[in-house]
Amino acid sequence: MSVTHSDTPAAPTTAPPKAGTPATEVTDGPAAGGAGVPHVVGRVDDVPPGEGRAFVAGGVQVAVFRLRDGSLHATQAACPHSGGPLADGQTDAAVLVCPLHLYAFRWSDGTCTGAAPPVRLFPVHDEDGALVVTV
Amino acid sequence: MTAVLGGRPAGVSTLHFAMDDADGVDTRQRLVVVGNGMAGARVVEEVLERGGGEQFAITVFGEEPHGNYNRIMLSHVLAGEEHEDDIVLNSHDWYADQGVTLRAGVRVDRIDTHAKIVYAADGTTTGYDQLVLATGSRSFIPPMTGLYTADEQLLPGVFGFRTIDDTRAMLAAAAEHERAIVVGGGLLGLEAARALQGHGLQVEVVHAGTHLMNQQLSAEAGAILEHSVEALGITVHLATRTTEAIGPDRVRGVVLADGRAIDADMLVIAAGIRPVTEVALLSGLEVERGVVVDDQLRTDDPDVYAVGECAQHRGELYGLVAPVWEQARVLADLLTGTDPDAEYHGSRTATKLKVAGVDVATMGINRPERDTDEFLVISEPRRGVHLSVVVRDDKLIGATLLGDTRKVAFLTQAFDRGTPLPAERIRLLVDLSDGAAEVGVAELPGDSQVCNCNGVTKQALVDTVKAGTTSVGGCMDATRAGKGCGSCKLLVKQVVEWAADGDVTEDASASWYVPGIPLAKPELIAAIRDQQLRSVSAVFTALAPGGEEDAKSKMGLTSLLRLVWGAEYEQENDAKFINDRVHGNIQRDGTFSVVPQMKGGVTTAAQLRTIADVAEKYEVPMIKVTGGQRIDLLGVRKEDLPAMWADLGMPSGYAYGKSMRTVKTCVGTDFCRFGLGDSTQLGIDLETRFQGIESPAKIKMAVVGCPRNCAEAYVKDVGVVAVGNGRWEVYVGGAAGASVRKGDLLATVDSPAAVMQLTGRFVQYYRENASWLERTYDFVPRVGLDQVKAVVLDGSAEVLADLDAGIQRSIDAYTDPWGQDGTQPATPGQFRTALPLVDLPKVPVR
């Protein structure tokens, strides 16, 4: 059975996108050609400490995590193993664990501690409370 | 990597221009696989498993109209042991579901490797960026006169033995005919002969070699096999050929090279296989015996690869499945970029078979080749047993086991791994009691799946050990083996121990409750109590090495803190697994399931109507009655959960947690003619009392009104059975999931109140003492039923009071999570979608 989310409402953001942020179609992968465009996807407060939340940045699904030490990390939103929703995963300072089959991915370089392919990592930072992801 | 054959530079020469997705143009590379046999389809599977569906638009050409099937099993189909439907590996639907274009029944004629176009026999052309040749082999048909009709077809009654169509034709013919000749005394020929004999045919085998299975066996062993085969009633003609098929309208017999004629109405040709290389030849690729490939399975064109029986690697052709699997893995690593340096270095071949009812295992060579080779033979022709080994420089380089394969375990290990051999060589063949478990493990082929949940093969575990992980837990972490249903853990342990060859390192963490805190459960509980640690982060700070938090320990610690502190536990959402954060069971597409509480499986018309209305309102894709007698609403979007709970107005059924889930009941005395006790009411009471109680693993209960066991109480964590006169039996430690175990009778009591009290004591004892994720069916045998009884039945008044108080504390702390978080989210974005704005990703399924 396949389930589609064609009618999913737009992801809520509490900050308007920066001027000049390109409005693009949403895809599963990074935008073709363009590298390193920063996008405001929301507020840092949207992500509770220790947890992850998913956003769309420049047409790319990203999962952003705020660790308990305050540091921010961002990955592709779908697990490269079987599409699991990584934003629902559990994390610590070293790894992110996908909720579906519990593959763990290192924050250091995105590689898996098990047998799955690596995840894509994206730069993310806090800009006066705004959550900025570069894709 | 060895130099690329043919002098062209290595590497992919494809120029790929990504187009804008908005144009609706598929920007993926085009991967074409020529051949839909076991090799071609396996490559596609391995590519998809590595996420290659995102990278490649995949097209597979298959000359046969069928999906992909297991050719190895054809002799079983011929023998009637398997139905042809059972040997299908990937159906047409599978290809469609995976988004793979299958051009079944379309032969490929030629490839233009410059223009990168595939020309098919139906006149179509298909472009590619990367191409894989997996054209396999065909039956070798030795020359003989009269074999073909005027239109170059095989004479009616003559069959090759290679495809399902061959097999079907033979089955049809076998039903009508009486005498068959099989040309070829190798493995396939002997299997065909035995299968046809099973259909009542008189069978004779004609073999050109001087002994049967001459590729694998020595002359002596072949002679013993011949004796065994003839004992089955199959006549064997050796060292002769069929020179003529007697016709003319259909086959009526054969003439042998020595002039003898044999009557027959079926002629089956199983005289070996030849690689199919026409496509490669016509496409200008380098072909010797097979399509020549390098260690990266590349032909002399850098964007064309070859795998399987059509490929010639380092001069070798392989006709066994294990090397094909290895090649497919390497190729998929390369194509997807998962491991750009992956290489295939050839396979050492060992086979273990049952040939015409006789066990045969062979590996390496079967005769000494040098003067210094040691050669040990035990031959018992009358018993049909022939055993031999070849040893060179203290290493096993060959073995043959015929009629008695009990020693295959050790020998395979010695052959594959070069393990030291006993100084008394005779011990290689006799008196080697390595234990049944080890023999079983060694006998497993590398590609056999050890962990079905996570698709981990024996080879994957062996490779993990070889790469330096020598603890059982480490291998399980690295491969995910044993991390699904857990039923394979023992086998995983055996494989790791076998692969590590006695050098298994102890998991220091084996006795720890969770991997991130170096304490066993009792010490951990004591520390939590002593230091008043009420949150998971406080536990990490106080007890973890360096104060480091550990993702994989969080869920177990949350459960433990709830056990210790009840309502006084300080909850932290990030310490909970997603199921517990949103109170639903995560499904493979990232949606959740909603299971309202339905105590004892009893519901009302109003509840059913509400559930139906909610299901319609939220367009629930599947409504399913569960094994636990409840209604499961599957495929619910995370963001819909709170509104659905509110509309349902029913409490959570806890179908997601490591907690007490449900109590199944039969109708007991309400309507049943045979019921001896009111099981329905007792089930409702049990569920009411123990609802939502967290525990080391899920707990399932059942109550039945008589020993007919309609609600399967004998196989539950706690099962209660009415036995008449107001008495109830309480069983513990049963399971009917990944393992099946009948529960142990804990006690027979004489009132529902006593059942409730005993259940509470057992559950609390289990909660306090079981390892994290240890089900009662592992826990009870581990600690022993006597120990369980000694505590929960015969414990001191103080012990029993502690158990009663412990469970009561958790019962008092129960609140319905749907009622809480549905109205007041625990954290910002608690129910925010985790895959926003796009179709959910397709999940590849093996």
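Because the structure is predicted, anything quoted here is derived from the model rather than measured.

## So, the overall build of chain B
A count of helices and strands for chain B gives 27 helices and 41 strands. Residue burial in chain B is summarised as follows: out of 846 residues, 53% are buried. In chain B, the share of contacts with a sequence separation of at least 24, taken over all contacts with a separation of at least 6, comes to 62%.

## Quick notes on the environment of Thr419 of chain B
All names here are of chain B. In this fold, Thr419 is placed in the loop between helix H10 (408-417) and helix H11 (436-443). For Thr419, a relative accessible area of 8% gives the class buried. For the pair Thr419 and Asp394, spaced 25 residues apart in the sequence, the C-alpha separation amounts to 9.3 Å. Setting aside anything within four residues of it in sequence, one finds Thr419 in contact with Gln413, Ala414 and Asp501.

## Quick word on the sheet that holds strand S7 (residues 117-120) of chain B
All names here are of chain B. An order of S6-S7-S8 is seen for the three strands of this open sheet, with the pairing classed as antiparallel. Of all strands in the sheet, those with a lone pairing partner are strand S6 (108-112) and strand S8 (125-127), marking the two edges. The average angle at which neighbouring strand axes cross in this sheet is 20 degrees, direction not considered. Examined bridge by bridge, S6 and S7 share four bridges and lie antiparallel to one another. The residue of S7 that forms the bridge with Ile111 is Val118.

## Quick notes on the pairing of strand S18 (residues 266-269) of chain B
All names here are of chain B. Burial along S18 is two-sided: the residues Met266 and Val268 and Leu267 and Ile269 are all buried. As paired elements, strand S11 (residues 158-160) and S18 share three bridges and run parallel to each other. Looking across to S18, one finds that Gly160 is bridged to Ile269. When strand S12 (residues 179-183) meets S18, the two strands line up parallel, connected through four bridges. Note that in S18 the partner of Ile181 across the bridge is Leu267.

## Re the sheet that holds S11 of chain B
All names here are of chain B. Taken together, the five strands give an open sheet; going across it, the order is S11-S18-S12-S13-S14, and neighbouring strands pair in parallel fashion. Edge positions in the open sheet fall to S11 and strand S14 (235-237), since each of these has one partner strand only. Strand-to-strand twist of the sheet, defined as the mean angle between neighbouring strand axes without regard to direction, takes the value 20 degrees. Its contacts with the sheet put helix H5 (residues 164-176) on S11 and S18, and the angle it makes with S11 is roughly 145 degrees.

## Points about the UniProt feature "binding site: [4Fe-4S] cluster" (unreviewed entry) in chain B
All names here are of chain B. Look at the UniProt record and you will see "binding site: [4Fe-4S] cluster" (unreviewed entry) annotated at Cys666, Cys672, Cys706 and Cys710. On the basis of their most widely separated C-alpha atoms, the annotated residues across 45 residues gather in one place, lying no more than 10.9 Å apart. When you line up the elements, Cys672 lands in the loop between helix H21 (668-671) and helix H22 (679-690). Looking at the secondary structure, you find Cys706 in the loop between strand S36 (699-704) and strand S37 (718-724). Not counting the four nearest positions on each side in its chain, Cys706 is found in contact with Phe674, Leu676, Val721 and Ala722.

## A word on unusual backbone geometry
Most peptide bonds are trans, and most residues other than glycine sit at a negative phi. Omega for the peptide link from Gly247 of chain B to Pro248 of chain B comes to 5 degrees, which places this bond in the cis form. Within the fold, Pro248 of chain B resides in the loop between strand S15 (242-246) and strand S16 (253-256). Even without being a glycine, Asp128 of chain A presents a positive backbone phi close to 55 degrees. As for its position among the elements, Asp128 of chain A is in the loop between strand S9 (124-127) and strand S10 (130-134). Despite not being glycine, Leu297 of chain B shows a phi value in the positive range, around 60 degrees. Here Leu297 of chain B is to be found in the loop between strand S20 (291-293) and strand S21 (304-306).

## Thoughts on the confidence of the model for chain A
Taken residue by residue, chain A gives an average pLDDT of 79. The fraction at 70 or more is 74%. Across residues 1-34 of chain A the pLDDT falls below 50, and counting only partners more than four positions away or on other chains, this stretch makes 58 contacts in the model.

## Some remarks on the state of the cysteines
One pass over the full model with this rule turns up zero disulfides over all chains. In this model Cys112 of chain A remains outside any disulfide bridge; the closest cysteine sulfur is found in Cys79 of chain A, 7.4 Å from its own. The thiol of Cys672 of chain B is unpaired, and the distance to the nearest cysteine sulfur, on Cys706 of chain B, comes to 5.7 Å. By relative accessible area, Cys672 of chain B is classed as partly exposed at 32%.

## Regarding the side chain of Arg66 of chain A
Residue and element names in this part refer to chain A. Of note, Arg66 is situated in strand S3 (residues 60-66). One buried charged residue, Arg66, forms no salt bridge at all, with the nearest opposite charge on Asp45 at 4.2 Å. A polar contact of 2.8 Å, which involves the side chain of Arg66, links it to the backbone oxygen of Val47. Leaving out residues up to four positions away in the same chain, Arg66 has contacts with Val44, Asp45, Val47, Pro48, Pro49, Gly50, Glu51, Ser71 and Leu72.

## Some words on the environment of Glu49 of chain B
Following the sequence through the fold, Glu49 of chain B ends up in helix H1 (residues 38-49). Taking the relative accessible area as the measure of exposure, Glu49 of chain B reaches 31% and is therefore partly exposed.

## A few points about the packing of aromatic side chains
All names here are of chain B. Across all of its chains, the model carries twelve aromatic pairs over all chains by this definition. Between Tyr318 and Tyr344, the ring centres sit 6.3 Å apart and the planes meet at 80 degrees, which makes this aromatic pair edge-to-face. Here Tyr318, found in the loop between strand S23 (316-317) and helix H9 (321-336), pairs with Tyr344, found in the loop between H9 and strand S24 (350-355); they are 26 residues apart in sequence, far enough to count as distant. Since its relative accessible area comes to 2%, Tyr344 is described here as buried. A centroid spacing of 5.0 Å and a plane angle of 75 degrees characterise the contact between Tyr714 and Tyr731, whose relative ring orientation is edge-to-face. Of the two residues, Tyr714 is situated in the loop between S36 and S37 and Tyr731 in strand S38 (residues 727-732); the sequence distance between them amounts to 17 residues. Each member of the pair, Tyr714 as well as Tyr731, is classed as buried. An aromatic cluster of at least three residues, connected via ring pairs, comprises Phe762, Tyr765, Tyr766 and Phe779.

## Some thoughts on the confidence of the model for chain B
Residue and element names in this part refer to chain B. Across chain B, pLDDT averages 87, with 93% of residues at or above 70. Throughout residues 431-439 the model reports pLDDT below 50, and contacts reaching past four residues in sequence, or to other chains, amount to eleven contacts. Here the predicted complex carries an ipTM of 0.78, next to a pTM of 0.54.

## Here we look at the nonpolar core
With 64 residues, the main nonpolar core has Phe105 of chain A together with Ile517, Ile528, Val594 and Leu633 of chain B as its most contacted residues. Setting aside chain neighbours within four positions, we find Ile528 of chain B in contact with Leu533, Val539, Leu560, Leu561, Val564 and Trp565 of chain B. Core analysis: the next-biggest nonpolar cluster, separate from the first, contains 53 residues, Val44, Leu48, Ala134 and Val287 of chain B among them.

## A word on the environment of Leu232 of chain B
Residues and elements named next belong to chain B. Summarising the element assignment, Leu232 is placed in the loop between helix H7 (219-231) and S14. Look at Leu232 and you get partly exposed, because its relative accessible area is 29%. In sequence terms Leu232 and Gly357 are 125 residues apart; their C-alpha atoms lie 8.8 Å from each other.

The rules behind each value
Residues numbered from 1 in each chain as written. Chains lettered and ligands numbered in written order. Predicted model: local features only at pLDDT ≥ 70, side-chain atom pairs only at ≥ 80, totals over all residues. Heavy atoms only, no water. Helix = DSSP H or I, 4+ residues; strand = E, 2+ residues; numbered from the N terminus. Buried < 20%, exposed > 50% of the residue type's maximum accessible area, 1.4 Å probe, protein only. Contact = heavy atoms within 4.5 Å. Pairing = 2+ DSSP bridges. Axes fitted to C-alpha atoms, helices over the stretch in contact; angles between N-to-C directions. UniProt positions renumbered as here; feature names shortened; annotations may be inferred. pLDDT = per-residue confidence, 0-100. Disulfide = S-S within 2.5 Å. Lys, Arg positive; Asp, Glu negative; His and termini not counted. Salt bridge = Lys/Arg side-chain N within 4 Å of Asp/Glu carboxyl O. Polar contact = N/O pair within 3.5 Å; in protein donor to acceptor, adjacent residues only side chain to side chain. Phe/Tyr/Trp six-rings, centres within 6.5 Å; stacked < 30°, edge-to-face > 60°. Core = buried A, V, L, I, M, F, W, Y, C linked by side-chain atoms within 4.5 Å.

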